[in-house]
Number of protein chains: 4
Amino acid sequence: MPDQYIPRREDKFSFGLWTVGNRGRDPFGDAVRDPLPPNDAVALLAEVGAWGVNLHDNDLVPIDATASERDAIVKGFIAACRRHGIVVPMATVNLFYDPVFRDGAFTANDSRIRAYALQKTMRAMDLGAELGAKIFVLWGGREGTETDACRRPDEAIKRLRDAVNQLCEYSIDRRYGFKFALEAKPNEPRGDIYMATTGAYLGFIQTVDHPELVGVNPEVAHEQMAGLNVLHAVAQAWEAGKLFHIDLNDQLPGRYDQDYRFGSANVKAAFWLVKFLEDVGYDGPRHFDAHAYRTEDVEGVKDFARGCMRTYLILRDRATQWNADREIQALLAELNGDGREGARPPTSPDALLAATFDRVGLAKRGLAYERLDQLTMEVLLGVR
Amino acid sequence: MPDQYIPRREDKFSFGLWTVGNRGRDPFGDAVRDPLPPNDAVALLAEVGAWGVNLHDNDLVPIDATASERDAIVKGFIAACRRHGIVVPMATVNLFYDPVFRDGAFTANDSRIRAYALQKTMRAMDLGAELGAKIFVLWGGREGTETDACRRPDEAIKRLRDAVNQLCEYSIDRRYGFKFALEAKPNEPRGDIYMATTGAYLGFIQTVDHPELVGVNPEVAHEQMAGLNVLHAVAQAWEAGKLFHIDLNDQLPGRYDQDYRFGSANVKAAFWLVKFLEDVGYDGPRHFDAHAYRTEDVEGVKDFARGCMRTYLILRDRATQWNADREIQALLAELNGDGREGARPPTSPDALLAATFDRVGLAKRGLAYERLDQLTMEVLLGVR
Amino acid sequence: MPDQYIPRREDKFSFGLWTVGNRGRDPFGDAVRDPLPPNDAVALLAEVGAWGVNLHDNDLVPIDATASERDAIVKGFIAACRRHGIVVPMATVNLFYDPVFRDGAFTANDSRIRAYALQKTMRAMDLGAELGAKIFVLWGGREGTETDACRRPDEAIKRLRDAVNQLCEYSIDRRYGFKFALEAKPNEPRGDIYMATTGAYLGFIQTVDHPELVGVNPEVAHEQMAGLNVLHAVAQAWEAGKLFHIDLNDQLPGRYDQDYRFGSANVKAAFWLVKFLEDVGYDGPRHFDAHAYRTEDVEGVKDFARGCMRTYLILRDRATQWNADREIQALLAELNGDGREGARPPTSPDALLAATFDRVGLAKRGLAYERLDQLTMEVLLGVR
Amino acid sequence: MPDQYIPRREDKFSFGLWTVGNRGRDPFGDAVRDPLPPNDAVALLAEVGAWGVNLHDNDLVPIDATASERDAIVKGFIAACRRHGIVVPMATVNLFYDPVFRDGAFTANDSRIRAYALQKTMRAMDLGAELGAKIFVLWGGREGTETDACRRPDEAIKRLRDAVNQLCEYSIDRRYGFKFALEAKPNEPRGDIYMATTGAYLGFIQTVDHPELVGVNPEVAHEQMAGLNVLHAVAQAWEAGKLFHIDLNDQLPGRYDQDYRFGSANVKAAFWLVKFLEDVGYDGPRHFDAHAYRTEDVEGVKDFARGCMRTYLILRDRATQWNADREIQALLAELNGDGREGARPPTSPDALLAATFDRVGLAKRGLAYERLDQLTMEVLLGVR
């Protein structure tokens, strides 16, 4: 019954233009695939069953396009999206490719570069709004250092805050209604990127003028590059009401940015993440920020895109199964002490100080986590 | 002229009882050094020139001491501190050694363990207050997972928040005046620890009832374990007004917790950190949370402690030299555009949108960071 | 049909005494489980379905046992093994726990420690031979440094070679017939361990007096700690005829030594490894060098041990399925050019230099690795 | 007295054409510097004081050059080298940039690609020989996988061996007299690269037909990417007589390939490495395989190149100072037991088995490594 793993619109699967359009260039090698024009990418996404497409400004409009060129391109793209039934849930801005941003955009030392970065972002917001996007992602890939001699990091944070504040004002002023989703990454392409983790952005957001407009866009690979548990980062964002978007892909820890097909490197981590998103009722886009191996032609790109969605759906199915597994649920109920205690522990300070606890006894109880984890693996591997 | 590197009281160098008292036990080997009684540790710290001593409750008072035993021990310790002129700037609680906490303290599934952890922490606060500490560190070393089957991570965050809220109330109620400093760590002893980075805690703090009482205690090794730039984490904490304490030590990325002598693994990172703390005027304790190699006897422990402080002072000296270096300062002035621009970039949205920028020209300017970094290395290596 | 995943003797599953006997001590916490006497460990292993037990000398015989105590213990252990039908395929020596080895055993600077380490190993070989072991593992966990000031690393290699040569001579002299399996690890408990990877040992082996007696014991976690692909290390060892033993467990990269249940962290890597061992016909022990989480009691230890074996058997089954999958095999046949070429490429230098190749054409062919990997994931997840 | 840090010919400092010619392209951004024609690169290297230049075939000769174009280019390059007094100690082949090699060269599944890779390498050997190079480096940057579904890794090793054997024959046949230096890397640009560490190549070399012609080219960054101690890898290669070349640069562990200026990331590791090379009398090229930050213009490229050499010379100076430091030498003499023992430990098996050792006493002796390491840091920082 493979039909259950065919993507549907309500699954909200989206891909960036840059993902299926990735040409396989890397630090040691040239492009291996021909350019995929944006409108063709939309057609490809429709063919494989995606719901949405996301883009950086320059994925669609060249950086040096004239206004009329830009308008013609946008018009054609909107038509392509309509024709193929593809929506644009999120837009973003490319502040990393052009050499002008080689030492940062919002945090660059040169105030003219900072101003240009703001202008470029405002125009990308115009574009995103025109395409109907309600989420605007900011990834500051060049905001960082190879040597901390270049500026004080607290100065960089102030500059970043100024930029976010101005962009919030602009969204309000233009009534764009954007939610900003800030995306962290520890390093690459900079030696160190400021705001290295989703957590760092959760702290930063509280210091901007309009925190209600600003959330995060955790990326699986970006947390895993630093060896961090992406589920924990996503859960903190969700619990704080800040999970505005998510980037799904895969990655082994302690390496260059691999952007692998979702679930293909650490399928157990992917399982926990899918389970969490489904359990809490996250209803935003499931965006795949990944790309096909460099060994692939355009058919391989489709295989890649189909694989991302298919694995998500398999894991969603496994999560449902996990939730329904009686042995697993019995172990969890036992762990959480259902029906165990006659009296709840005291909560007033004085009562708490006066209470006695059987420290040694509590320490002796086996928690059956090996059993629980093995059952999880068996659900995952399809042998239960 | 080595005298300039002798520690003085105003340098505020502190060590935990557990640091000089570390016995060299590790996962594959037994203790190699005899126990160092707390009062002897105080004497040792005075001998090597430290200013303060910090402690977990059970570094001083055994977990199963009676009230009268506890009082006798504390009395003796206060006398030893007075005798040796050592202060107690910070206290903390051990929620990780005893088997009862093997699956967490504040976030344990068993509500009795959570209650016991709170009680134990309140008593540790009593102890800290009695010793004169004004900073209370919380490191949740066991708050984490080996398998995420055991609980939902957002539930763990709620439990952690409840605990911090109760402890803030207790500090207010007892008029202890504590500042709480939360210490992050990515993993070890748990597979993954919740609140993996300083950034995660900066986000968390905004969600507690008394955020003004709560800050962070970044540890060099804990950020570096995850390959993160510790300066960036510390700077974010400082800029947010949340740098309540700091743990200085050293560590290579992607490894077990090494807790090396400050500056001995990545001296360049240590240099930037010392320079930042001195430049911004951080006036809290410089706490060394490290320990001697397992190859050392008690004389080696003293060498270790002296080395931490001495390296800090050497780096402080180098930072002063860096700030005074005319070539470095000229490069920085050039970078920051001193006197360059006749007109500042526009800040109003419409003016900004209308502005034109010489993108290609701005991209061509060399930033001389290789020169700046090489000069930094030469200051550091003492050849300028 | 769960029966297919019940371990059988011919599966050659073995565990170290130290694995099921692990008491859960870690750098931040005390033991959580009672000691498991060796003979009880043998009974436990028989109960869960294992075939063999391995041991360090001191797992069975205390370091300070008298000769008669030793003999009594060994006699009892042999009886227990016979009673439970458990064999001892491998023995090894503990050169890491006792403080005397805190700066190395065979590579220590003190020649008396080196001599003692040799003596201890020879006695462990006597013990292993008495128990019927034919494989002797050497893991030099303390052979390393925290500071390279202590000795020249090439000197350490010479000392290590001397030791291996003497032990080979001893095995020959006593007609023990041991195959030595050298086990690499990058770090922990030392800052850096000499012979950091299986590859390093494959190089080293060629420099000893009796290379035919010496091979390697790759450990999954030890390669993965350094972020290396364990399959590639094992395959190199196998191809060189040096895969004398293997340690199965699991681990996330860039962390402390986790020694997780086999297949529980990176199940895809575990799948490739099982598939390789089965495809090439490796017929040595499948040794699980892992331990139960610290949250477990003795029932959890059994769950852990059963889980290791069960996951191996599930993965073996999946490997068979992968090999039989027609779509996968068709893709592989296509990749390997079955029936493609009329003429094979030239091999003589002059013919090769004169040949012409369609570089551009060869670069355009899609290799369908995304499809192949997605099919692999679907075999693994049990949806094909 | 800065003159002591000016490079001289006898220092044998070399750079690849690709290092000073690096244009700053990365996965997220375009080139930032203009192309540097090879002959201009030679002039630049002469200007900054280098001794040698190395190259891949296509650094000099475009991949699609005709024979006559190739000859004209080579003639001009030889003239430029003569004019500027620059030698070509090493040559290599680019088997990674062109899309034809996207799934490997010598290990590709397609036999035509393997044949083409051999042909290209033979021509690169012709070129190297013509330029006077005596060392030929092989870096198999594309020999690896993103999914191990694509081929068995032992098959890849066999293919690699075939290639190396054929190239050795070719060198012998043409009387080129090359020493082959194999360069390992763990990952990037492939998910995993076969022969991940220098150790793996040391094992592999013993299995080729002409092991005497084949050695290794350890690269600092490549070992450090995997968190390994590069000194230990280099020392093993040296001790085995296989250190045929070395690539000096810098890198933080667990990241993308940073190729930083030598000594700028982990100066302590760089110090130990320089000290080792100088202490053992390594007399091959000191090759810097690194590149300038992307923030730099051509002046910054010169700063980068000068910095590499200058830091090497500073560290060489510090190594001399370390060797002459009386306190350090006294500690080492004590450690190595100079004059300590009346009798050496026994070496015959029976005498060794009969000997008694004071295990507890030997364990009590402090080794003063903290002191030794702190003195090292103070030598390094220039305060002794």
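Residues numbered from 1 in each chain as written. Chains lettered and ligands numbered in written order. Predicted model: local features only at pLDDT ≥ 70, side-chain atom pairs only at ≥ 80, totals over all residues. Heavy atoms only, no water.

Some details on the relation of the copies chain D and chain C
Point 1. Expressed as a screw operation, the relation of chain D to chain C combines 0.0 Å of axial shift with a rotation of 180°, fitting to an RMSD of 0.0 Å. Taken together, the turn and the small shift mark the pair as related by a two-fold rotation axis. Relative to the rotation axis, the closest C-alpha in chain D is found at Gly203(D), a distance of 1.8 Å. (Least-squares fit on C-alpha atoms with pLDDT ≥ 70 in both.)

Overview of the interface of chain D and chain C
Point 1. Tallying the contact residues gives 87 residues for chain D and 87 residues for chain C.
Point 2. Taken together, the two surfaces of chain D and chain C that pack against each other cover about 7,300 Å², and 59% of this comes from carbon and sulfur.
Point 3. Note that Asp110(D) and Arg365(C) form a salt bridge whose closest N and O atoms lie 3.3 Å from each other.
Point 4. Taken together, chain D and chain C are joined by 36 residue pairs in polar contact (both at pLDDT 80 or more). (Contact = heavy atoms within 4.5 Å. Buried area = accessible area lost by both parts, 1.4 Å probe. Salt bridge = Lys/Arg side-chain N within 4 Å of Asp/Glu carboxyl O. Polar contact = N/O pair within 3.5 Å; in protein donor to acceptor, adjacent residues only side chain to side chain.)

Brief notes about the sheet that holds strand S4 (residues 135-139) of chain D
Residues and elements named next belong to chain D.
Point 1. Taken in spatial order, the eight strands make up an open sheet running S8-S6-S4-S3-S2-S1-S10-S9, and their pairing is parallel. Taken across any chain shown, the strands that pair with only one partner, and hence form the sheet edges, are strand S8 (214-216) and strand S9 (247-248).
Point 2. Summarising the sheet, S4 and strand S6 (residues 179-183) pair through five bridges and their orientation is parallel. Bridging from a neighbouring strand, Val137 pairs with Ala181 of S6.
Point 3. The strands touched by helix H6 (residues 153-173) within the sheet are S4, S6 and S8, with S6 carrying the most contacts at an inclination of about 155°. (Pairing = 2+ DSSP bridges. Helix = DSSP H or I, 4+ residues; strand = E, 2+ residues; numbered from the N terminus. Axes fitted to C-alpha atoms, helices over the stretch in contact; angles between N-to-C directions.)

Comments concerning the interface of chain C and chain B
In many reports, interface size means the accessible area that the parts give up when they come together.
Point 1. Every contact between the two is made by 33 residues of chain C and, on the other side, 33 residues of chain B.
Point 2. With both sides pooled, the region where chain C packs onto chain B buries about 3,200 Å², and carbon together with sulfur makes up 53% of that total.
Point 3. Among the residues chain C hides against chain B, the three largest losses belong to Arg25(C), Phe28(C) and Tyr256(C). Together they make up 23% of the total.
Point 4. Joining chain C to chain B, the criterion identifies four salt bridges.
Point 5. Of the charged contacts in the structure, one is a salt bridge between Asp26(C) and Arg142(B), with a shortest N-O distance of 2.8 Å.
Point 6. Between the two partners, chain C and chain B, sit 16 residue pairs in polar contact (both at pLDDT 80 or more).
Point 7. Grouping the amino acids of the side of chain C that touches chain B by side-chain chemistry returns 12 nonpolar, seven polar and 14 charged. (Nonpolar A, V, L, I, M, F, W, Y, C, P; charged D, E, K, R; others polar.)

Examining the side chain of Thr147(D)
Point 1. Structurally, Thr147(D) can be placed in the loop between strand S5 (144-145) and H6.
Point 2. A relative accessible area of 2% means that Thr147(D) is categorised as buried.
Point 3. Excluding residues within four positions of it along the chain, Thr147(D) makes contact with Tyr293(A), Trp272(C), Tyr369(C) and Asp373(C). (Buried < 20%, exposed > 50% of the residue type's maximum accessible area, 1.4 Å probe, protein only.)

Section: the confidence of the model for chain A
Point 1. Here chain A shows a mean pLDDT of 96. Residues at 70 or above account for 98%.
Point 2. At the level of chain-chain contacts, confidence expressed as ipTM amounts to 0.97, with global pTM at 0.98. (pLDDT = per-residue confidence, 0-100.)

Quick notes on the pattern of salt bridges
Point 1. Using the criterion set out here, one finds 140 salt bridges over all chains in the structure.
Point 2. The shortest N-O distance in the salt bridge between Asp373(C) and Arg261(A) comes to 2.8 Å. Of the two residues, Asp373(C) is situated in helix H15 (residues 369-380) and Arg261(A) in the loop between strand S9 (247-248) and helix H10 (267-280); the pairing between them involves two chains. Neither Asp373(C) nor Arg261(A) differs from the other in exposure class; each is buried.
Point 3. By sharing partners, the salt bridges in this structure join Arg8(A), Glu10(A), Asp11(A) and Arg316(A) into a single network.

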